[in-house]
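# Secondary and tertiary structure notes
Here's the letter readout for the chains.
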Amino acid sequence: MTIHTHTGTVAAPQLAPAAPSAVAVAVLRQAGRARRRRTAYVIGTLGLAWLAAFVVRVLLGDYTITVPDFWRIVTGTEIPGASFILMESTLPRAVVGTLAGLALGASGATFQTMARNPLASPDVLGITMGASAAAVFTLVVLGGSSGAVTVAALLGAGAVALALVTLSGTGPGGAPYRMILVGVALAAMLASVVHWVLLQADVYLAHEAMVWLTGTLSSATWPEIWRLGVVVAFTLPALLLVARQLQVVELGDDLAQGLGEPPAHVRTRAVALVVVLTAVTTSVCGPIAFVAFLAGQIARQLLGGRSSVAAAALVGAVVVVAADHVAAYAVPDVNLPVGVVTGVLGAPVLLWLLAAGRTTRQESS
Amino acid sequence: MTGALRRPVTASLLGLAVLAACAWLSLVVGSRGLATGEVLGAAAAVLTGTGTGSATEGIVQARLDRTFIGVVVGVAVALSGAAMQWLTRNPLADPGILGVNAGASLAVVLGLQFTALTSVGGYVWLALLGGIVAAVVVYAVASLGPSGPQPLTLALAGAALSAGVVSVIAGVLVSNRGALDTFRFWQVGSIAGRPADLVAGVAPLLVVSLAVVLLSGPVLNATALGDDLERALGQRVLLARGAVALGAVGLAAAAVALAGPIGFVGLVVPHLVRLVTGPDHRRILLGSALVGPVLILLTDTLGRVVTPPSEVQVGIMTAVLGAPALILLVRRSAVLR
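Because the structure is predicted, anything quoted here is derived from the model rather than measured. Along each chain, residue indices are assigned from 1 in the same order as the chain's sequence is written. Whichever chain is written first is A, and whichever ligand is written first is 1; the rest continue in order. Under the rules for a predicted model, residues below a pLDDT of 70 receive no local features and side-chain atom pairs below 80 are neither given nor counted, while totals for whole chains, interfaces and linings still include all residues. Values shown for side chains rest on all heavy atoms present in the structure; no hydrogens or waters enter the calculation.

## Concerning the overall build of chain B
Inclusion rule: We count a stretch as a helix when DSSP gives it H or I for four or more residues in a row; a strand needs E for two or more, and each element gets its number in order from the N terminus. Relative accessible area decides the class of each residue, using a 1.4 Å probe on protein chains only: under 20% of the type maximum gives buried, over 50% gives exposed, and in between gives partly exposed. Whether two residues are in contact is decided by their heavy atoms, any of which lying within 4.5 Å being enough. The Shrake-Rupley method, run with a 1.4 Å probe sphere, supplies the accessible areas, and residue values consider only the shown protein chains as cover.
For chain B, the count of helices and strands is 15 helices and 0 strands. Counting only residues that meet the buried cut, chain B has 55% of its 337 residues in that class. At a minimum sequence separation of 6, the contacts of chain B that also span at least 24 residues come to 74%. Put simply, chain B shows about 13700 Å² of open surface, and 71% of that area lies on carbon and sulfur atoms.

## Thoughts on the overall build of chain A
Along the backbone of chain A there are 14 helices and 0 strands. The N-to-C order of helical and strand elements in chain A reads α-α-α-α-α-α-α-α-α-α-α-α-α-α. Counting every position in chain A, which comprises 365 residues, the buried fraction comes to 55%. For chain A, the proportion of contacts with a sequence separation of at least 24, taken over those separated by at least 6, is 74%. By element, 68% of the accessible surface of chain A is carried by carbon and sulfur atoms, the whole surface being about 15300 Å².

## Things to note about helix 3 (residues 36–48) of chain B
Residues and elements named next belong to chain B. Selection rule: How far a helix is expected to stretch is found by multiplying one less than its residue total by 1.5 Å. Note that the arc is defined by the directions from the helix axis to the C-beta atoms.
Relative to the 18 Å expected for 13 residues at 1.5 Å per residue, helix 3 spans 18 Å between its end C-alpha atoms, a close match to the ideal helical length. Of all the residues in helix 3, the buried ones are Val39, Ala42, Ala43, Ala45 and Val46. Within helix 3, the buried residues cover an arc of 165° as seen down the axis, which keeps them to one side. Pointing more than 90 degrees away from the buried face of helix 3 are the exposed residues Gly37, Leu40 and Thr48. Elements in contact with the buried residues of helix 3: helix 2 (8–28) and helix 4 (55–87). Once helix 3 finishes, Gly49 follows within two positions and takes phi at roughly 75°, a positive value.

## Observations regarding the packing of aromatic side chains
Residues and elements named next belong to chain A. How we decide: Working definition: a ring pair exists when centres of Phe, Tyr or Trp rings (six-membered ring for Trp) sit within 6.5 Å. Plane angles under 30 degrees give stacked, over 60 give edge-to-face, the rest tilted.
Per the stated rule, a full pass over the model turns up 3 aromatic pairs over all chains. Here Trp50 and Phe54 contribute two aromatic rings whose centre-to-centre distance is 5.2 Å and whose plane-to-plane angle is 45°, an arrangement assigned as tilted. Here Phe54 and Trp50 lie together in helix 2 (residues 20–59), a separation of 4 residues that amounts to about one turn.

## Let's talk about the environment of Gly97(A)
Position of Gly97(A) among the secondary structure elements: in helix 4 (residues 82–115). Distance from Gly97(A) to Thr235(A), taken between C-alpha atoms, is 17 Å for residues 138 residues apart in sequence.

## Let's talk about the confidence of the model for chain A
Keep in mind that low pLDDT regions are not for reading the predicted coordinates in detail. All names here are of chain A. Note the following rule: Note on scores: pLDDT gives the predictor's confidence for each residue, bounded by 0 and 100.
Scored by pLDDT, chain A comes out at a mean of 81, with 87% of its residues at no less than 70. Model confidence for chain A, summarised as mean pLDDT per element, is weakest for helix 1 (residues 5–15) at 43 and strongest for helix 13 (residues 309–329) at 91. Across residues 1–18, confidence stays below pLDDT 50; counting only partners more than four residues off in sequence or on other chains, it has 18 contacts. Confidence over residues 361–365 falls short of pLDDT 50; this stretch has 11 contacts with residues more than four positions distant or in other chains.

## Describing the pattern of salt bridges
Going by this rule: What makes a salt bridge here is a side-chain nitrogen of Lys or Arg within 4 Å of a carboxyl oxygen of Asp or Glu, nothing more.
Taken as a whole and assessed by the stated rule, the structure comprises 7 salt bridges over all chains. The shortest N-O distance in the salt bridge between Asp324(A) and Arg93(A) comes to 2.8 Å. Within this pair, whereas Asp324(A) is found in helix 13, its partner Arg93(A) is found in helix 4, the two being separated by 231 residues in sequence. Comparing Asp324(A) with Arg93(A), the two get one shared label, buried. Asp280(B) is the partner of Arg282(B) in a salt bridge, and the nearest nitrogen-oxygen pair spans 2.9 Å. Salt bridges here are not isolated pairs; linked through shared partners, they connect Arg66(B), Asp300(B), Arg304(B) and Glu311(B).

## Some points on the interface of chain B and chain A
By a widespread convention, an interface's size corresponds to the accessible area lost as its parts come together. Spelled out, the test is: Here the quantity called buried area is the accessible surface, traced with a 1.4 Å probe, that two parts lose on coming together, added over both. Pairs of N or O atoms are called polar contacts if they sit within 3.5 Å, as long as, within protein, a hydrogen donor faces a hydrogen acceptor (for residues adjacent in sequence, only side-chain-to-side-chain pairs). Classification convention: Asp, Glu, Lys, Arg as charged; Ala, Val, Leu, Ile, Met, Phe, Trp, Tyr, Cys, Pro as nonpolar; all other residues, Gly among them, as polar.
Contacts between the two partners involve 45 residues from chain B, matched on the other side by 48 residues from chain A. Carbon and sulfur atoms make up 77% of the area that chain B and chain A hide from each other, which totals about 3900 Å². Its largest share of buried area at the contact with chain A, chain B owes to Val174(B), Arg177(B) and Arg184(B), together 17% of the area lost on that side. At the boundary of chain B and chain A, one finds 0 salt bridges. Here chain B is connected to chain A by 0 residue pairs in polar contact (both at pLDDT 80 or more). Broken down by element, the residue count for the side of chain B that touches chain A peaks at 16 residues, all from helix 7 (residues 151–174) of chain B. Of the residues contributing to the side of chain B that touches chain A, the split by class is 31 nonpolar, 8 polar and 6 charged.

## Brief notes about the side chain of Thr110(A)
Residue and element names in this part refer to chain A. Within the secondary structure, Thr110 sits in helix 4. A polar contact of 2.7 Å, which involves the side chain of Thr110, links it to the backbone oxygen of Ala106. Once residues within four sequence positions are removed from consideration, Thr110 is found in contact with Leu239, Leu246, Ala270, Val274 and Val309.

## A closer look at the nonpolar core
Basically, it comes down to this: Side-chain atoms within 4.5 Å are what join buried Ala, Val, Leu, Ile, Met, Phe, Trp, Tyr and Cys residues into a set we call a nonpolar core.
Counting residues in each nonpolar core, the largest one holds 191 residues, and the members touching the most others are Ile288(A) and Val73(B). Excluding its chain neighbours within four sequence positions, the residues that come into contact with Val73(B) are Ala255(B), Leu258(B), Ala259(B), Ile262(B) and Ile296(B). Counting residues in hydrophobic clusters, the runner-up holds 11 residues, among them Val58(A), Ile65(A), Phe70(A) and Ala82(A).

## Considering the packing of helix 12 (residues 291–302) of chain A against helix 14 (residues 338–356) of chain A
Residue and element names in this part refer to chain A. Where we set the bar: Axis definition: a line fitted to C-alpha atoms, limited for helices to the stretch in contact. Angles are taken between N-to-C directions and run from 0 to 180 degrees. Working definition: roughly parallel below 35 degrees, roughly antiparallel above 145 degrees, roughly perpendicular at 65 to 115 degrees, and oblique for all remaining angles. If you view the pair so one helix is near and one far, a crossing is left-handed when the near helix is turned anticlockwise from the far one by less than a right angle, and right-handed when it is turned clockwise.
Relative to each other, helix 12 and helix 14 sit at 55°, their axes nearing to 10 Å. Compared by their axis directions, helix 12 and helix 14 come out oblique. As helix 12 packs across helix 14, the resulting crossing turns out to be left-handed. When helix 12 is examined against helix 14, the residues Val291, Phe293, Leu294 and Gln297 are found in contact with a partner set consisting of Thr342, Gly346, Val349, Leu350 and Leu353.

## Things to note about helix 9 (residues 198–214) of chain B
All names here are of chain B. Put simply, the rule reads: Two axes enter the bend calculation: one fitted to the seven residues ending at the residue in question, the other to the seven starting there, and the bend is the angle between them.
Here helix 9 is 17 residues long and its end C-alpha atoms lie 23 Å apart, about the 24 Å a rise of 1.5 Å per residue gives. The largest bend in helix 9 is about 50°, located at Pro204. When helix 9 is considered as a whole, its buried residues turn out to be Leu198, Val199, Val202, Leu205, Leu206, Ser209 and Val213.

And the structure:
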């Protein structure tokens, strides 16, 4: 394997004069094949990494569960102690972590591709904050049920997305900096609303809300996990399809004609799907910091500079499940919310991206 | 009208009059409205130490403390913002946006958690240290970028640092319910319920920083002409810039230690003042010192009446009112395409 994605496109014109079309086409085709092979390889590896993280999260920890025991419990046998830990703690956390990671990773990568800027993830843009502010307000002030909280989160995230597009004066395709700064301002405003809500609650409810606001997997109940699972099962494939169209759209409006529909429609659909995924995830596990932002970036590094929504989704799942394991066992006797770990990991990465000037580079698709 | 406003003496007198009016409002308005005579009588009794301990006197005492702290915090935050906007040549600079408030908050939380410090006088130095570290990190990260410290990179580095700091704070607080109960009232930024003697604890830092920043007008006027001229003027200007930066962070840290993080005032006030005074930095500093407390007292008074009988803390009011101002600046700014 000598030809990689970048060298392939460079090598083609050099070879072209010697033997015009045939060689060039062959080189390009080989480059394309190499790229697909690399993508498949990366996605396969990420799948294995997720499986490893999942198994570790479920079976290891303060209380080790053996694989045979795991199957017996899942198929209905009651093992004192182990059953409770598996069904009430480690398994739901691993499952909801996977779902949340998939949703956030895919959302982040979609927005980053659309704005051609690594900073344009739903968490940096304040969409996650919109969902959590609405959810916390509904929970604490209005005393809403878990269903009402989900609806509120959807409305909050949608409102912020709409405000972003309106206030930055352009669609998600243009003026990324202005959109990002408007997002930062909206997030700051919503954060103060959340702080106010926290003051209205008694200290126990405030503590619960604080844990949720940090992003936690431990408060999810099985019905909520099922709801999230159904939403992810329907929305994620739709987002993967839209992401393919989006890649064509980003090549330019001329090529996008071939899609048979205006680029604006594709973008709007992508934003709507991201809002749904982000909001429902947030309503179940709170705003898990930086996952949407990190996953797209890590996937890009793994793929040698190209973005892939599928790979980013898997990275998200690996990051959340692994971070939750770290959060649960890093500090003895303290069960930290997963968002503490992702936040502490994510901030230096974002700072490094800024220092390295990566945020000003246009994304190549 | 604007012609008259550009005359420094007229403008200063007008600013002082407005400030006095706002302070008066801050004494009179509240969940329990008081008549002018009652307030005057009680205030005289409280200030001369001849009070009888009546309920009215208690309320007036609390409102006097609150107004005093509001004025101090307003001056500190507005001057800090004005100096930061200059030093970074950045219309979007503000102790909140640049992460100084976040750094100071983290230091205070760690102080609450791991040391025996309980007095403001004790943790003001921690807040200063946290603020300095945050400012250095944010400025260094933004300067390392290929195009130097741009408004965008500074704002984003500040936001990134704040987000990371929020995670660490959350990690500390979820395991310590007592600290959470203290901190949730502190983190919103409020000038209510803080006794006026708190100011004594931060007074040394406040006075020194205030003097440094207020005296820096001529230096800042010179450096506004650009880096080349600055280099030509030599090492002393660099030193002066460093001193002003320390002063700006010191003011922000003192304000955070007194009232908690109050965002957006430092951002908005210098822009408002510049509309009237023009680009002379000495006048902007003076104007900011007058308009800052006006804005704090006005928003604080507004916060008392929007959700009766409870109050909305001034830090929340300034964020809700200030974020649209930031968005407006971003939209108008030609630097950000």
